[in-house]
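# Coordinates in review
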Amino acid sequence: MPAAAGRDRDASVGVPVRGLTVLYDAECALCASVRDWLVRQPQLVPLELVPAGSEQAARRFPTLDHGAALDEVTVVGDSGQIYRGAAAWIVVLWALREHRPLAHRLSTPAGARLARGAVLAAAKWRGGQWGGAAYRRGDGWSYDPRLGWTYDPPGCDGGACATG
């Protein structure tokens, strides 16, 4: 496994990774495009792609900060490992047959800086697609460039609330 990814994960080092869940923002055109690209790639380690902030994500990972998962790419390993930001992208590349060598190069200190720069560039692009204004999703999540992601549950019309 890439060294840079191992340093940032929350689980203990040395636990094998046999599957990864990639949490992505389904409302983001760039994120959806990357998701489509990932499913077409030959995988050495199976990737499951789940919309961040979705009921499925909340059910599968109840202790995860789902607001942060919308703000920064998050990958969860099958043994509970958590990767965020550049480390998440490195571990995803590590899971892909044709990109594992690149993941190993990015796991060096110099490579990790390059990976972090790519993640920051993608975040800037995502921020620019909304013109710098607040972005609100129908599920209660909203993004403000000054505040980051926040969650305000949808209200109940007429006093009747749908239950999960």
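Residues numbered from 1 in each chain as written. Predicted model: local features only at pLDDT ≥ 70, side-chain atom pairs only at ≥ 80, totals over all residues. Heavy atoms only, no water.

Let us look at the overall build of the chain. Within the chain one finds 7 helices and 7 strands. Along the chain, helices and strands appear, N-terminal first, in the series α-β-α-β-α-α-β-β-α-α-α-β-β-β. Within the chain, buried positions represent 43% of all 164 residues. A separation of at least 24 residues holds for 60% of the contacts in the chain among residues at least 6 apart in sequence. Entry remark: accessible area of the chain is about 9,000 Å², with carbon and sulfur atoms responsible for 54%. (Helix = DSSP H or I, 4+ residues; strand = E, 2+ residues; numbered from the N terminus. Buried < 20%, exposed > 50% of the residue type's maximum accessible area, 1.4 Å probe, protein only. Contact = heavy atoms within 4.5 Å. Areas by Shrake-Rupley, 256 points an atom, 1.4 Å probe, with all protein chains shown as cover.)

Before going further, it helps to examine the nonpolar core. One finds Leu 20, Leu 47, Val 75 and Tyr 83 to be the most contacted residues of the largest nonpolar core, which totals 26 residues. Going through the elements one at a time, strand 1 (20-24), helix 2 (29-39), strand 2 (47-51), helix 5 (85-95), helix 6 (100-106) and helix 7 (109-128) are the ones with two or more residues in this core. Top contributing element to this core by residue count: helix 5, with 8 residues. If you look at the next biggest cluster of nonpolar residues, it comprises 11 residues, including Ala 52, Ala 57, Phe 61 and Ala 69. (Core = buried A, V, L, I, M, F, W, Y, C linked by side-chain atoms within 4.5 Å.)

The next point concerns the confidence of the model for the chain. Confidence in the prediction for the chain averages 79 pLDDT; 70% of positions are at 70 or higher. In the model of the chain, helix 1 (residues 3-8) stands out as the element of lowest mean pLDDT, 42, in contrast to strand 2, which has the highest, 97. (pLDDT = per-residue confidence, 0-100.)

As a further point, take the sheet that holds strand 4 (residues 82-84). Pairing is mixed in the open sheet, where 4 strands are placed in the order 2-1-3-4. One side of each edge strand has no neighbouring strand; the edge strands of this open sheet are strand 2 and strand 4. Between one strand and the next, the sheet's axes are offset by a mean angle of 25°, whatever the strand orientation. Bridge count for strand 1 against strand 3 (residues 74-77) is 4 bridges, and the pairing is antiparallel. The residue bridging Thr 21 from the neighbouring strand is Val 76, located in strand 3. Taken strand by strand, helix 2 contacts strand 1 and strand 2, and its axis lies near 155° from that of strand 2. (Pairing = 2+ DSSP bridges. Axes fitted to C-alpha atoms, helices over the stretch in contact; angles between N-to-C directions.)

In this fold, Ser 107 is placed in the loop between helix 6 and helix 7. In terms of polar contacts, Ser 107 uses its side chain to reach the backbone carbonyl oxygen of His 104, at 2.7 Å. (Polar contact = N/O pair within 3.5 Å; in protein donor to acceptor, adjacent residues only side chain to side chain.)

Take the environment of Gly 53 next. As for its placement among the helices and strands, Gly 53 is situated in the loop between strand 2 and helix 3 (55-60). Once the C-alpha coordinates of Gly 53 and Ala 68 are considered, the two residues, 15 residues apart in sequence, prove to be 9.3 Å apart.

On to the pattern of salt bridges, then. Side-chain pairs of opposite charge can arise whenever the charged atoms involved come near each other. Taken as a whole and assessed by the stated rule, the structure comprises 4 salt bridges. Arg 97 is paired through a salt bridge with Glu 98; the nearest N and O atoms lie 3.6 Å apart. With a relative accessible area of 47%, Arg 97 lands in the partly exposed category. (Salt bridge = Lys/Arg side-chain N within 4 Å of Asp/Glu carboxyl O.)

This paragraph deals with helix 5. With 10 of 11 residues buried, helix 5 is to be regarded as a mostly interior element. Those residues of helix 5 that fall on the buried side of the exposure criterion are Gly 85, Ala 86, Ala 87, Ala 88, Ile 90, Val 91, Val 92, Leu 93, Trp 94 and Ala 95.

This part is about the pairing of strand 2. In this sheet, strand 2 lies alongside strand 1 in parallel orientation, the contact comprising 5 bridges. Each bridged residue has a counterpart across the sheet, and for Thr 21 the counterpart in strand 2 is Glu 48.

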